[in-house]
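Descriptive structure summary
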Amino acid sequence: MLKYNSFGLEDGRDIGLCITAARLNHSCVPNCSRYFVNDHNLLVISVNDTIEAGEELTISYAAKGDYEKGIENFKAYTMNVWGFECSCKACKEPALFDKIAQLSRSDSTMYALVNCYHYSEAYMLCQSQLKLCDDLGGYNVSKERIYYDIYFLAVQCKELQQAIECAHKGLEYCKLIMGGS
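Think of each chain on its own: its residues are numbered from 1, step by step along the sequence as written. Since the coordinates come from a predicted model, pLDDT governs what is reported: local features require at least 70, and pairs of side-chain atoms require 80 or more to be given and counted, while whole-chain, interface and lining totals use all residues. As a rule here, side-chain values come from all non-hydrogen atoms in the structure, and water together with hydrogens is ignored.

1. Here we look at the nonpolar core
Selection rule: Only buried residues count toward a nonpolar core, which is a set of Ala, Val, Leu, Ile, Met, Phe, Trp, Tyr and Cys residues joined through side-chain atoms within 4.5 Å. For every residue, the accessible area obtained with a 1.4 Å probe (protein chains only) is divided by the maximum for its type, and the residue is called buried under 20%, exposed over 50%, and partly exposed between those limits. Numbering of helices and strands runs from the N terminus, with a helix taken as a DSSP run of H or I at least four residues long and a strand as a DSSP run of E at least two residues long. A contact between two residues is defined here by any heavy atoms of the two lying within 4.5 Å.
Core analysis: the biggest nonpolar cluster contains 33 residues, and Cys 28, Tyr 67, Phe 74, Ala 90, Cys 91, Phe 97 and Ile 100 have the highest contact counts within it. Contributions of two or more residues to this core are made by helix H1 (71–82), helix H2 (89–92), helix H3 (94–115), helix H4 (119–136), helix H5 (140–156) and helix H6 (160–178). Setting aside residues up to four positions removed in sequence, Phe 97 forms contacts with Cys 28, Tyr 67, Gly 70, Ile 71, Phe 74, Ala 90 and Cys 91.

So this is what it looks like as structure tokens:
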């Protein structure tokens, strides 16, 4: 079925049938990330950390905001939308699930702070987001974006050296995601 074997593309209008990627199962703490390269119509799957031989490759099926309603609502969502109740490590450990929800909520807060020109508060929030990514083990796509956010904040605060360092870190994660190409 197309519903279960396709991916929404970045432009929000199209769907892509990705035969190999469709075989990846869900985990709230996935060992792989997906990233769509618009210019090339390419879905990139990258590993978040070392994967042992025989270990299942997983991605997150969740959309932005899905975790913020709590673990029980999330389990009901996966059953309703995907036909399974999530039983990954995070759904078995509420404290871990709460960290995922906190990371999701902090994105909205960070953008609100930036829109109100509260750059130093947004910077501190970005630092806590990086720690949450480390606690969750991976989340390279999130780290790449967070380093871009910190780069933006450093430019706004005229902290040029910090902006350069964040640009390098963001590029480092971008290379991890894209496989160095």
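Once the structure has been displayed, the description carries forward.
2. Description of the pattern of salt bridges
Put simply, the rule is: Salt bridge, as used here, is a side-chain nitrogen of Lys or Arg placed within 4 Å of a carboxyl oxygen of Asp or Glu.
Going through the model one piece at a time under the given rule, you end up with 6 salt bridges. Between Arg 145 and Asp 107 there is a salt bridge, with its nearest N and O atoms 2.8 Å apart. Pair noted here: Arg 145 is in helix H5 and Asp 107 is in helix H3, with a separation of 38 residues, a long-range link. Arg 145 gets classed as partly exposed once you look at its relative accessible area, which sits at 22%. With a relative accessible area of 13%, Asp 107 lands in the buried category. We note a salt bridge from Asp 149 to Arg 145, for which the minimum N-O separation is 2.7 Å. Here the residue Asp 149 and the residue Arg 145 both occupy positions in helix H5, the gap between them amounting to 4 residues, near one helical turn. In this structure, a network of salt bridges that share partners links the residues Lys 99, Lys 131 and Asp 135.

3. Notes on the pairing of strand S4 (residues 32–37)
Selection criterion: The rule for pairing is simple: two strands pair if DSSP sees at least two bridges between them.
Bridge analysis of S4 against strand S5 (residues 42–47) gives 6 bridges, and the strand direction is antiparallel. Along S5, the bridge assignment pairs Tyr 35 with Val 44.

4. Here we look at H1
For clarity, the cut-off: Working rule for helices: expected span equals 1.5 Å times residues minus one.
Compared with an ideal rise of 1.5 Å per residue, which puts 12 residues at 16 Å, H1 spans 16 Å between its outermost C-alpha atoms and is within 8% of the ideal. Looking at the packing, one finds that the buried side of H1 touches strand S3 (25–26), H2 and H3.

5. Describing the packing of aromatic side chains
We apply this condition: Between the rings of Phe, Tyr and Trp (Trp by its six-membered ring), a pair exists once the centres lie within 6.5 Å; its type follows the angle of the planes, with under 30 degrees stacked, over 60 edge-to-face, and the other angles tilted.
Throughout the structure, instances matching the rule amount to 9 aromatic pairs. Consider the rings of Tyr 61 and Phe 84, whose centres lie 6.0 Å apart with planes at 80°: the pair is edge-to-face. Of the two residues, Tyr 61 sits in the loop between strand S6 (58–59) and H1 while Phe 84 sits in the loop between H1 and H2, which places them 23 residues apart along the sequence. A relative accessible area of 25% means that Phe 84 is categorised as partly exposed. Geometrically, the ring pair formed by Phe 74 and Phe 97 is tilted, given 5.9 Å between the ring centres and 50° between the ring planes. With Phe 74 in helix H1 and Phe 97 in helix H3, this residue pair connects regions lying 23 residues apart in the sequence. Taken individually, Phe 74 and Phe 97 each receive the classification buried, so the pair is uniform in this respect. Taken together through their ring pairs, the aromatic side chains of Tyr 67, Phe 74, Tyr 77 and Phe 97 make up a single cluster.

6. Let's talk about the packing of H3 against H4
For clarity, the cut-off: Only the stretch in contact is used when fitting a helix axis, every axis being a line fitted to C-alpha atoms; angles between N-to-C directions are given from 0 to 180 degrees. Angles are sorted into four bins: roughly parallel if under 35 degrees, roughly antiparallel if over 145, roughly perpendicular if 65 to 115, and oblique for all others. A crossing counts as left-handed when the near helix is turned anticlockwise from the far one by less than a right angle, and as right-handed when that turn is clockwise. Side-chain classes are defined by residue name, with Ala, Val, Leu, Ile, Met, Phe, Trp, Tyr, Cys and Pro counting as nonpolar, Asp, Glu, Lys and Arg as charged, and the others, Gly among them, as polar.
Contact geometry of H3 with H4 gives a least axis separation of 9 Å together with a crossing angle of 160°. With respect to H4, the axis of H3 lies roughly antiparallel. Crossing of H3 over H4 shows left-handed handedness. Only Tyr 119, Glu 121, Ala 122, Leu 125, Cys 126, Gln 129, Leu 132, Cys 133, Asp 135 and Leu 136 of H4 make contact with H3, whose side of the interface consists of Leu 96, Lys 99, Ile 100, Gln 102, Leu 103, Ser 106, Asp 107, Thr 109, Met 110, Leu 113 and Val 114. Its residues assigned to classes, the contact of H3 with H4 shows 13 nonpolar, 4 polar and 4 charged.

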